[in-house]
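Structural features, examined
Listed here are the chains, written in short residue letters.
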Amino acid sequence: MMRLSAAAAALAIVVAVPALVEAYDFAERPVAVVPGTAPQGIAAGGTAYGDTAYHANVFASTDIDRFQVRNYLLHGIVDVAPARLSAYYATAMLNGPVNSGDQPGADAAQWMMNAVQFEYGFVASVDLPTSRSTARRLAVDRIALLAEYSRRSYHPLRSGFEDPAADIVRGGVAVRGLRLTDAIDLDAMVRLTWSELYEFWGAPRIPDPRALFTLNTAVEVTANLPVTGLSAFAVVLPDTILLRDRGVSMDFTGQTGVHAGSGGASVEVFLDLYRSADTEQLPNLRSPALLAGYGIRFRVDV
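So, a few notes on the structure that sits alongside this text.

Enumeration over the complete set of coordinates arrives at 14 salt bridges. Notably, a salt bridge pairs E148 with R191, separated by 3.3 Å at the nearest N-O pair. Here E148 is found in strand β6 (residues 142–156), whereas its partner R191 is found in strand β8 (residues 184–196), with 43 residues between them in sequence. On the basis of relative accessible area, R191 is assigned to the buried category, the value being 4%. Across the salt bridge formed by R299 and E268, the nearest N and O atoms sit 2.8 Å from each other. Taken as a pair, R299 in strand β13 (residues 289–301) and E268 in strand β12 (residues 264–276) lie far apart in primary sequence, 31 residues in all. E268 shares its class with R299; the two are buried. Residues joined in a network through salt bridges with shared partners are R29, E220, E268, R297, R299 and D301.

Put into C-alpha cells, the structure is as follows:
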C-alpha cells in the first residue's frame, strides 16, 4: 500500500507541475538526463548515456516526414557529491518522401534529406539526500533536482524549409526507480522551460521560437519479463506549451516496446507516436505532424 501511495504521489506531481518546442522536440526520457547511479564523493567522468535510434513513420506520416535518425550522448564531466555536471550533444537527420518535382539522388533511395537538427548544452543535477529508511519507505532509487542551459538549431538541407533556433533554460526534478511492484519500476521527470533566441547570436532573420514556456513531463514504466535481460517499457512525454503569441498548445510523444539487455549495451524495439501542432519546419506556415511507426534504438548506459 505504501508503494502504491508513493507512486500515486509521484504521478500527481508529474501532472500538476509546468520545456519547450522549437523545431522538432525530441523529448528525453529520465534515464537519458539522469543516468547511472548517484554521485559518490569527487570524481571525473565515469557516467554516460548514449543512444542511436531509427524512427520509421510507416503507419502515419506527412508530406515532409518519412523517417528520422537520431544520435544522443550525455556524459558526466565531474561529480562533487551530491552534485554532477554533465554535457550533452545530439543530432537528428530528418528525412521526407520524394514528392512531385523532387529529384532523388538515386532511384534506390526514394527519400529526401530535409534537414539536420543539433542540440547541445550542460545539465547540472543534485541528488536529494535520502536515508535508508526513507528510500525503503518510498521504494525509490534516486530523486534529483535538475538545471540546464542548452541550444537547439534546425539546419535545412533543401530550399523551402525554415531554420528555427532557440536557447533553452530549464529546471525540474527527476525520480528514478520508483518501484510499483517487485517487477515494475517507474521513472518520472518534470521540467519547466523558458525559451528565447538571444541577441548575441547575431541572427536577426531567425524568428523567435513559438514556445515561451513549456511544461514538459515524462513518465516511463518498465516491467521485467520472465526471460532474463528482457523487459517491456512504455513512455509518454506530453508537452503543454504557452505560446509566445498567446494561447496554449499540446505536443505528445509516446513509445512502447521491448528492451533487451541488463545494463551496459542494450537494444530496444518499439512502436512510436509523435504529434505536434507545429514543428516550425516551414516558413510562415503551420506544419502540424502526426507520425506513427516503429523504431529501433541502440543504447549504452554506464
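Having seen it, we continue.
With that settled, the discussion passes to the nonpolar core. Core analysis: the biggest nonpolar cluster contains 20 residues, and V33, V34, Y72, L146 and M189 have the highest contact counts within it. Those elements giving two or more residues to this core turn out to be α2 (30–33), β3 (67–80), β4 (83–97), β6 and β10 (230–243). Ignoring anything within four residues of it in the chain, the contact list for V34 reads R142, A144, L146, A174 and R176. Counting residues in each nonpolar core, the second largest holds eight residues, with I143, L178, L186 and A188 among its members.

Because side chains alternate across β10, one face comprises the buried residues S231, F233, V235, L237, D239, I241 and L243, and the other comprises L230, A232, A234, V236, P238, T240 and L242, none of which is buried. Bridge count between strand β9 (residues 211–224) and β10: 11 bridges; the pairing is antiparallel. Opposite E220, over in β10, you have V235 as the bridge partner. The loop that links β9 with its antiparallel partner β10 comprises five residues; one of these, G229, has a positive phi angle of about 80°. As paired elements, β10 and strand β11 (residues 248–260) share 13 bridges and run antiparallel to each other. By the bridge assignment for β11, I241 is matched with S249.

Cut-offs applied
- Residues numbered from 1 in each chain as written.
- Predicted model: local features only at pLDDT ≥ 70, side-chain atom pairs only at ≥ 80, totals over all residues.
- Heavy atoms only, no water.
- Salt bridge = Lys/Arg side-chain N within 4 Å of Asp/Glu carboxyl O.
- Helix = DSSP H or I, 4+ residues; strand = E, 2+ residues; numbered from the N terminus.
- Buried < 20%, exposed > 50% of the residue type's maximum accessible area, 1.4 Å probe, protein only.
- Core = buried A, V, L, I, M, F, W, Y, C linked by side-chain atoms within 4.5 Å.
- Contact = heavy atoms within 4.5 Å.
- Pairing = 2+ DSSP bridges.

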